[in-house]
Amino acid sequence: MKKIQLMICLLILFLMYPSESAAQSVDIPGDIAYILIDSKTGQVLAEQNADQKLGPASTTKIMTAIVALENGKLDQKMDVSQQAVYDIGKGGMNIGIMAGEEGLTLENMLNVLLIKSANETANIIAENVAPSRSEFVEMMNRKAAELGATNTTFVNPCGKDTEKEDAGHLSTPRDMAVMSRYAMTIPKFREIVATEYYKGMPVTNKHDDWGILRNTNQFLWYDNTYPYTLDGVEHRYKVIGMKTGYTAAAGNNLITAAAGEDGMELISVVMHVMQPNKIYGYSKELLKYGFENYSMKKISQAGQLAKTVPVEDTTDGNALLDLVTESDFECMLSVDTDPQTIQTRVNTSQPVKAPVNKGDIFGNIEYSCNGVLLGKVNLIAAKSIAADPAITEDAAVNHTSAETSSFSYITFGILLTLSGFVILRMILRRVSKKLRKRRLEAKEP
């Protein structure tokens, strides 16, 4: 009886005092949808309701920018239609571009799209990069599917609320993270989303001055660094950009890319927050969790031996070659992960034949943790190894012989063709003479 009572007491204490790992969980309400990933590998660090389909609002413009950057040219001139200017949705963000405005380029529109989140720029881009806006949206959906964002359907390029609930302009935190991670591999995209102010709008036939356009992303205002603690030491991560989004139906959405002092880069996605003053707090909480519980760790260093392989066609016939790592390898791991537990897989080119030059690449080594590929490093030759001269000479003789043989066959073929042509010509001439003779004989009385 006493043992049972003791067990019940221990169970109550366990429920009252969460474990250390639970205490480190993200402090965000259970109805909020979010995900946090490593930008380099796509590894998920934290998630909640990450596959819930929600309205992405203006975070849609991330895919609009991807399609535009991959299919348009930055100096391409933009035609501005009345429909593009007017069709921005109820309360849609805009900067007052007018129908028939001249002198605007795709680069101008991309900056305003991602910095000021103006809806008309999304429509203008779509109508100029594709034959029509609907065809541009099809390109957006194809690209999303190609990237693996299989729970996403775009209906328009700007993210405005659709009039019908069944229209289906929807995505998920997981899909938005996938698309955002890809977008950050595009240098021009990274440059634009990290910009606090845009001052590059040109004088046009409709505007003498546009003023200074400030980013809607408040993370980039003033000091864009934020604190976190790692191993008892205070550090700061830097927000390096991404995208805001809001509509009455979708609520507040925010996608954030941030880099820690050790170079680790995270992407957080928080969606469908109906209180406007909460979205940045939830995003900070999510990023803080990531930087405090994960860090960059060196797994291997340049010149580290990975494998020794035999080399064929050498002087002694028994040469061995050390394959070493071409560079250092660092990756993101949880703070309690022992680097020694990382799994490695060596992939080499076989067989290796002389001659070998120091630094030649002969494969790679893959690093993974819990089934997630962390990265690869090339394996290179640690030294040079000469080929056996006799084998080299034989190879050269064989190569010359093969070339001679090939030349002989080609020459023979050409001669045979020419001979056939000459013979055919002679036959045709004889036939022609006979026909003319017969015609002349037929004409005589």
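In this text the structure is predicted, and so the values were computed from the model without any measurement.

So, how was this worked out
- Residues numbered from 1 in each chain as written.
- Predicted model: local features only at pLDDT ≥ 70, side-chain atom pairs only at ≥ 80, totals over all residues.
- Heavy atoms only, no water.
- Core = buried A, V, L, I, M, F, W, Y, C linked by side-chain atoms within 4.5 Å.
- Buried < 20%, exposed > 50% of the residue type's maximum accessible area, 1.4 Å probe, protein only.
- Contact = heavy atoms within 4.5 Å.
- Helix = DSSP H or I, 4+ residues; strand = E, 2+ residues; numbered from the N terminus.

**Q** Looking at this structure, how should I read the nonpolar core?
**A** The tendency in soluble globular proteins is for nonpolar side chains to be buried as a group. Among the nonpolar cores identified, the biggest contains 62 residues, and Leu110, Ile125, Phe189 and Met201 are the most heavily contacted of them. Apart from the residues lying within four places of it in its own chain, the contact partners of Met201 are Ile95, Leu104, Asn108, Met109, Val112, Trp210 and Leu213. Core analysis: the second largest hydrophobic core is formed by 29 residues, Leu36, Leu287, Tyr294 and Met332 among them.

**Q** For this particular structure, what's the right way to read unusual backbone geometry?
**A** Leave glycine aside and you will find that most residues have negative phi; peptide bonds, for their part, are mostly trans. Following Gln350, the chain continues to Pro351 via a peptide bond in cis, the omega torsion being -10 degrees. Counting through the fold element by element, Pro351 comes out in the loop between β13 (343-348) and β14 (352-353). The backbone of Tyr222 shows a phi angle near 55 degrees, a positive value even though the residue is not glycine. Following the sequence through the fold, Tyr222 ends up in the loop between β4 (213-214) and β5 (225-230). Tyr222 sits in the exposed class, given a relative accessible area of 69%. One non-glycine residue, Asn370, lies in the positive phi region at around 55 degrees. Assignment of secondary structure puts Asn370 in the loop between β15 (361-369) and β16 (372-381). Classification of Asn370 as exposed rests on a relative accessible area of 72%.

On their own, these measurements won't tell you what the molecule is for.
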